[in-house]
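What follows is the residue order along each chain.
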Amino acid sequence: MKRTEVSTVLEEAKIGEEILVKGWVKSFRANRFIALNDGSCFKTLQVVVDFENYPEELIKRISFHSCVSIKGELVASQGSGQKVELQAKEIEILGDSDAGAYVLQPKKMTQEYLREKAHFRMRTNTFSAVFRLRHAIAFAINKYFNDHGYYYMHTPIITGSDAEGAGEMFHVTTFKPDTAPKDEAGNVDYKQDFFGKETNLTVSGQLQAEMGALALGKVYTFGPTFRAENSNTSRHLAEFWMIEPEVAFCDIHGDMDLAEDFSKYLIKYCLDNYPDDLAFLEKRILDSEKQMPKEQRRPLPLIESLKFVIDNDFERITYSDAVNLLRNSKPYKKGRFEFEVEWGKDLQAEHERWLVEKKFKKPVIVRDYPKGIKAFYMRQNDDDKTVAAMDVLFPGIGEVIGGSQREERHDKLLKRMEEMDIPEHELWWYLELRKFGGCPHAGFGMGFERMVQFITGMTNIRDVIPFPRAKGSAEF
RNA sequence: GCCUCUUUAGCUCAGCUGGUUAGAGCGCCGGACUGUUAAUCCGUAGGUCCUAGGUUCGAGUCCUAGAAGGGGCGCCA
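Because the structure is predicted, anything quoted here is derived from the model rather than measured.

Q: What am I meant to see in the sheet that holds strand β6 (residues 151–152) here?
A: Hydrogen bonds along the backbone pair up the strands of a sheet, which may run parallel or antiparallel. In spatial order, the strands read β6-β10-β11-β16-β15-β14-β13-β12; together these eight strands make up an open sheet with mixed pairing. Strand pairing shows two members of the sheet lacking a second neighbour, β6 and β12 (315–318), which therefore form its edges. In terms of strand pairing, strand β10 (residues 218–226) meets strand β11 (residues 239–248) through nine bridges, oriented antiparallel. Bridge pairing in β11 links K218 to V247. Relative to the sheet, helix α5 (residues 206–216) contacts β6, β10, β11 and β16 (441–447), its axis offset from that of β11 by approximately 30 degrees.

Q: Teacher, can you tell me more about the protein's contact with RNA strand B here?
A: Around RNA strand B, 49 residues are found, and the nearest of them are Q46, K107, H236, R353 and R450. The sugar and phosphate moieties of RNA strand B supply 50% of its atoms located within 4 Å of the protein. Separating a phosphate oxygen of RNA strand B from a side-chain N or O atom of T110 is a distance of 3.1 Å. Residue R227 places a side-chain N or O atom 2.8 Å away from a sugar or linking oxygen belonging to RNA strand B.

Q: Honestly, the layout of surface pockets in this entry has me stumped. Any pointers?
A: Vacant regions in the atomic arrangement are exposed by a probe of water-molecule size rolled over the atoms. The space that makes up the second largest pocket amounts to roughly 480 Å³. L10, C41, F42, K43 and D276 are the residues nearest the centre of the second largest pocket, which is lined by 24 residues in total. Secondary structure elements with two or more residues in the lining of the second largest pocket: α1 (6–11), β2 (33–37), β3 (45–48), α4 (125–147) and α7 (275–289). Of the residues belonging to the lining of the second largest pocket, the class tally is nine nonpolar, eight polar and seven charged.

Q: Sorry, what's going on with the sheet that holds strand β7 (residues 158–159) here?
A: The strand order across the open sheet formed by three strands is β7-β9-β8, and the pairing between neighbours is antiparallel. Only two strands of the sheet have a single neighbouring strand rather than two, namely β7 and β8 (171–172). Two strands pair when backbone bridges link them, and β7 and strand β9 (residues 199–201) are joined in this way by two bridges, in the antiparallel orientation. The residue bridging I158 from the neighbouring strand is L201, located in β9.

Q: Explain the packing of aromatic side chains here, please?
A: The way to describe two aromatic rings as a pair is by their centre distance and the angle between their planes. In total, this model carries 24 aromatic pairs according to the counting rule given. Here Y102 and F120 contribute two aromatic rings whose centre-to-centre distance is 5.1 Å and whose plane-to-plane angle is 75 degrees, an arrangement assigned as edge-to-face. With a gap of 18 residues between them, Y102 in the loop between β5 (84–95) and α3 (111–115) and F120 in the loop between α3 and α4 connect regions that are remote in the sequence. For Y102, a relative accessible area of 11% puts it in the buried group. For F120, a relative accessible area of 19% puts it in the buried group. Ring centres of F145 and Y150 lie 4.8 Å apart, and the angle between their planes is 55 degrees; this geometry places the pair in the tilted category. On the accessibility criterion, F145 (0% relative accessible area) is buried. Since its relative accessible area comes to 9%, Y150 is described here as buried.

Reading guide: rules and limits
- Residues numbered from 1 in each chain as written.
- Chains lettered and ligands numbered in written order.
- Predicted model: local features only at pLDDT ≥ 70, side-chain atom pairs only at ≥ 80, totals over all residues.
- Heavy atoms only, no water.
- Pairing = 2+ DSSP bridges.
- Helix = DSSP H or I, 4+ residues; strand = E, 2+ residues; numbered from the N terminus.
- Contact = heavy atoms within 4.5 Å.
- Axes fitted to C-alpha atoms, helices over the stretch in contact; angles between N-to-C directions.
- Near = heavy atom within 4 Å.
- Polar contact = N/O pair within 3.5 Å; in protein donor to acceptor, adjacent residues only side chain to side chain.
- 1 Å grid on protein atoms, 1.4 Å probe; cavity = no way out; pocket = protein on both sides within 12 Å on 5 of 7 lines; lining within 4 Å.
- Points joined across faces, edges and corners; volume = space filled by probe spheres on them.
- Nonpolar A, V, L, I, M, F, W, Y, C, P; charged D, E, K, R; others polar.
- Phe/Tyr/Trp six-rings, centres within 6.5 Å; stacked < 30°, edge-to-face > 60°.
- Buried < 20%, exposed > 50% of the residue type's maximum accessible area, 1.4 Å probe, protein only.

Right, dumping it as structure tokens:
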């Protein structure tokens, strides 16, 4: 007999049908009711066991998270919690789980504790919901771009240039530290290394994606990226996934339009297709906020805040306007900001939070940043002071997207690289893209895990990736 | 990298200005009950109080150092 998944049972199976289900026991009440979950959906199937008909030895093995295979008949439920239930006829234990020795318990456990039990944490309601949604968002990303005529481009994980300018890199080598061959000057001789040169793990696929955009028109990358930054926050990982669309014949305004439309699509996809998981996560957050002071609680419940984002236009302002707004703000005048607001300096998290959470109360796109605080490849504006860069700021998590129109003018790009000490010989190919058939183009990078954080409401980024990699932590 | 908080039973925590045998809820185990929805009721077991030093007649409690974890900041996605 073929197994039926719980999601199928609840959606399609008819009363009176004989079915076989397999899954994990979420609870076993009164020696009679198994709540069975197989991961196919958030819901559980109630299985009714007439314990009088089974050996006590078998009944005892039905315990928290033991794995069972049950054949039975689907019947209308006598209880009020569910419409249908499975009347068990044959029960087989596929995997025992000794409740006394098992590290999970059918009760609330802290996220910090579960993080240490990452091999089991996906079995909990919270993490199974989070990881179903993580999948949903990944799928929606590919669907959105495919439906809009973009090509999925795989950029390299190992890169030969360290000029991408997005932060500290992880070195890739086959040398052992103590036996690495040295050159005459006593430095490590990377000519003898696997690739014949120094290599690193990528911090961004953008520069390579630009090659694709100038050939295929619209491309996107979606893959892991690596930063060896010593940043210890709930929004940073050493290994994270990034989405980077790159579009030919697109300026900064088209870039912002794409960022907004794309973000809304991902949120809407989850609302439309995963209501049970979102409802559970929302309830979980509301419960945990009950003992918190009001100002620490979310302004809106999870689902409402997601709907609010897709129903409203993102606020779009220039960096200069943002600085003026901040300098006229109440916290600025009362000296409540820790950091100075001054044209030319980057906006700090406290400033961004004021703009998003206090001033506009919705996502904000800030554009035209001073060129001194942005990367070499961003297109210089006519004022000679700013570049066509934009950041999308979300409530709660800050910067979700950073993007720009790229500098397509060879002379301007070269000059900027010289000013910023970017070695020309490492990016010769990037410069040649401007020499032969170049065109205005733009793109952005979205932090995948930050988007998953926003949609699931999880406060720590380590809880939205199955195996977090962060400073001092690479377990599992 | 900086600042700050935490570490007591399997889990979540309480433990006052240092004082005698370190507690609760849940979980586990045993029993009762059996149409439950975090089932209920009764009972048992379970603790190098993170580690190492120190102060003291006496340290879970105070001091110093270290370890692990959380939160905030910086850097960014």
